[in-house]
Amino acid sequence: MRDLTTDLEEESPYECFECGNITVAEEHPGSCPDCGGAMRNRRTPLE
Ligand SMILES: [Zn+2]
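This is a predicted model, so every value here is computed, not measured. (Residues numbered from 1 in each chain as written. Predicted model: local features only at pLDDT ≥ 70, side-chain atom pairs only at ≥ 80, totals over all residues. Heavy atoms only, no water.)

(A) Representation of a negative patch on the surface in the model. A grouping of E10, E11, E26 and E27 is seen on the molecular surface, where their side chains present a negatively charged patch. Note on placement: E27 falls in the loop between strand 2 (22–25) and strand 3 (39–41). Residue E27 is classed as exposed on the basis of its relative accessible area, which comes to 65%. (Patch = residues over 30% accessible without salt bridge, like charges linked within 9 Å, V, L, I, M, F, W, Y side chains within 5 Å. Areas by Shrake-Rupley, 256 points an atom, 1.4 Å probe, with all protein chains shown as cover. Salt bridge = Lys/Arg side-chain N within 4 Å of Asp/Glu carboxyl O. Lys, Arg positive; Asp, Glu negative; His and termini not counted. Charge placed at Lys NZ, Arg CZ, Asp CG, Glu CD. Helix = DSSP H or I, 4+ residues; strand = E, 2+ residues; numbered from the N terminus. Buried < 20%, exposed > 50% of the residue type's maximum accessible area, 1.4 Å probe, protein only.)

Laid out in structure tokens, this is it:
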């Protein structure tokens, strides 16, 4: 049985600046798996 609503795993969507690719990960992926561009956490507003 899978718990799809768990809050324990802090997965967040990261969006690529370059191509707009969105990757969901628990940790910052660092760079886009598609184009190698910079990723940002979509839950964190840019300053
Ligand atoms: Zn990209």
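(B) Inspection of the coordination of the zinc ion at higher detail. In this structure, C16 (SG), C19 (SG), C32 (SG) and C35 (SG) serve as the protein donors to the zinc ion, at separations of 2.3 Å. Of note is the zinc ion, whose four donor atoms meet at the metal with angles of 101 to 117° in an arrangement that counts as tetrahedral. A relative accessible area of 4% means that C32 is categorised as buried. (Donors = N, O, S within 2.8 Å, 3.2 Å for Na, K, Ca; no water. Tetrahedral: all angles 85-135°; square planar, octahedral: opposite > 155°, others 65-115°.)

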